[in-house]
Amino acid sequence: MNRMIRTWAEISLDAIEHNYRAITASLPEGCQMLGICKANAYGHGAVRVAQRLQEAGCRWVAVNCYDEVEELRAAGVQTEILMLSPQPANIALDIVDLDATQAVGSLEYAENLNRYLMGTDLRLKVHMKLETGMGRTGFDATKEACRADMLRALRLEHLDFTGVFTHFAVSDEPEQEAFTREQYRVFTDTIAYLERESGKRFQLRHCANSGAVVNYPEMALDMVRPGLLLYGLYPGAERGGLDLIPAMQLKSRVCDLTHHHRGDTISYGRTFTCDRDLTLAVIPDGYADGLLRSLSGKMEVLLRGQRVRQVGRICMDMCMLDVTDIPDVRVGDVATIFGRDITASEQAEKAGTIPYELLCAMSQRVPRVYL
């Protein structure tokens, strides 16, 4: 059946490769980049993104969980894959079979993984996760008492600690520089202690997320993990000399034009009252598609080269645009909700959130069209 797509996301794989090359060109010699492909590559499509990164020469990607590794391996992705979240220890053999690397952040978890590999000659590749101030997962490197647990984990027979990493909490907020520098100090001091006491050396040390790549290039170490930057968006006001291209453009088509008089109210809750006679364009994009309801009455959309305001509450399947001053708008016209002229960062700021959420919120009923 020949039909037009109601709402879609255009993904430029060329832009993603451009961003990858721009980031890697900014890194010190010997430092490599890990491409963040978790959460369906921030809504961009993990398989297609990982395949393109592999073609571009990227040696590492990261995902959240085992299912995401399975998806990439089934699609022929052969890069090293780091799982950032702990998985059930009883699938340790399966993780080895998929040739993935598991993040390990506690002695108990390390011992459980090791136990499920006993009786084999297998070793699971792992990266030690250090907690340095994020308050999430990891061996607590802020406490010297935890160092003994780290050393015991390093001696486990079936775990191969090829890397070590931490996660910065506020590297995208330059006004909190002291906290980030303290995290970095704790991280590097702990690594120096572990390598000295164990006699082992970590092949890969990594801590720089997007904020740190921009604001603290001296913290690149052996590998960096930019997520948002890879997709052409910046985590804060600073750009770090990088010229990146937004990889995603969210578009929809005008499906109806409606006419209203001054004093008419629009959408649920009657939160918007027409201040004059208005023509509204209805587009089939709503919160079931991932368009945040908190953007209601706040965002602008690009239509026929002009910015138009969205009015009334965003509905489950559609929202309304004021096109009164664009008399030539027609049903079928394409509206850009975010992309290169109106960025996801701009829309996220208006929604009171971060671009990560806006990208990841996009539902699976929005088809991804690869350019």
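The paragraphs below set out a description of the structure included in this document. (Residues numbered from 1 in each chain as written. Predicted model: local features only at pLDDT ≥ 70, side-chain atom pairs only at ≥ 80, totals over all residues. Heavy atoms only, no water.)

Our next topic: unusual backbone geometry. Even without being a glycine, aspartate 99 presents a positive backbone phi close to 55 degrees. Mapping aspartate 99 onto the fold places it in the loop between helix 5 (92–97) and strand 5 (100–104). Exposure remark for aspartate 99: the relative accessible area of 38% places this residue in the partly exposed category. Despite not being glycine, arginine 304 has its phi angle at roughly 50 degrees, a positive value. (Helix = DSSP H or I, 4+ residues; strand = E, 2+ residues; numbered from the N terminus. Buried < 20%, exposed > 50% of the residue type's maximum accessible area, 1.4 Å probe, protein only.)

Considering all chains together, one arrives at two aromatic pairs under this definition. Between the aromatic rings of tyrosine 42 and tyrosine 231, the centroid separation amounts to 5.4 Å while the plane-to-plane angle is 45 degrees, which identifies the pairing as tilted. Taken together, the residues span a long stretch of sequence, with tyrosine 42 in helix 2 (residues 38–42) and tyrosine 231 in the loop between strand 10 (223–224) and strand 11 (248–253) at a distance of 189 residues. On the accessibility criterion, tyrosine 42 (8% relative accessible area) is buried. An aromatic cluster is present here, built from Tyr42, Tyr231 and Tyr356 joined pairwise through their rings. The lysine or arginine in question, arginine 48, covers the ring of tyrosine 370, its NZ or CZ lying 4.4 Å from the ring centre. Here arginine 147 stacks its cationic end above the ring of tyrosine 193, 4.3 Å away from the centre of that ring. (Phe/Tyr/Trp six-rings, centres within 6.5 Å; stacked < 30°, edge-to-face > 60°. Lys NZ or Arg CZ within 6 Å of the ring centre and 35° of its normal.)

With that settled, the discussion passes to the pattern of salt bridges. Think of it this way: side chains of opposite charge can pair up when their charged atoms draw near. Enumeration according to the criterion identifies 25 salt bridges in this entry. As a salt-bridge pair, aspartate 140 and lysine 143 come within 3.8 Å of each other at their nearest N and O atoms. Taking the shortest distance from any N to any O, the salt bridge between lysine 350 and glutamate 300 comes out at 4.0 Å. Of this pair, lysine 350 sits in helix 10 (residues 344–351) while glutamate 300 sits in strand 16 (residues 300–303), placing them 50 residues apart in sequence. Each of Arg6, Asp289, Asp317 and Arg365 takes part in a single network of salt bridges with overlapping partners. (Salt bridge = Lys/Arg side-chain N within 4 Å of Asp/Glu carboxyl O.)

We now examine the packing of helix 7 (residues 147–154) against helix 8 (residues 177–198). Across the interface, helix 7 lies against helix 8 with an axial gap of 10 Å and an inter-helix angle of 50 degrees. The orientation of helix 7 with respect to helix 8, classified from their angle, is oblique. Pair helix 7 / helix 8 crosses with right-handed handedness. Contacts between helix 7 and helix 8 pair Arg147, Met150, Leu151 and Leu154 from the former with Asp189, Thr190, Tyr193, Leu194, Glu197 and Ser198 from the latter. (Axes fitted to C-alpha atoms, helices over the stretch in contact; angles between N-to-C directions. Parallel < 35°, antiparallel > 145°, perpendicular 65-115°, else oblique. Left-handed = near helix turned anticlockwise from the far one by under 90°. Contact = heavy atoms within 4.5 Å.)

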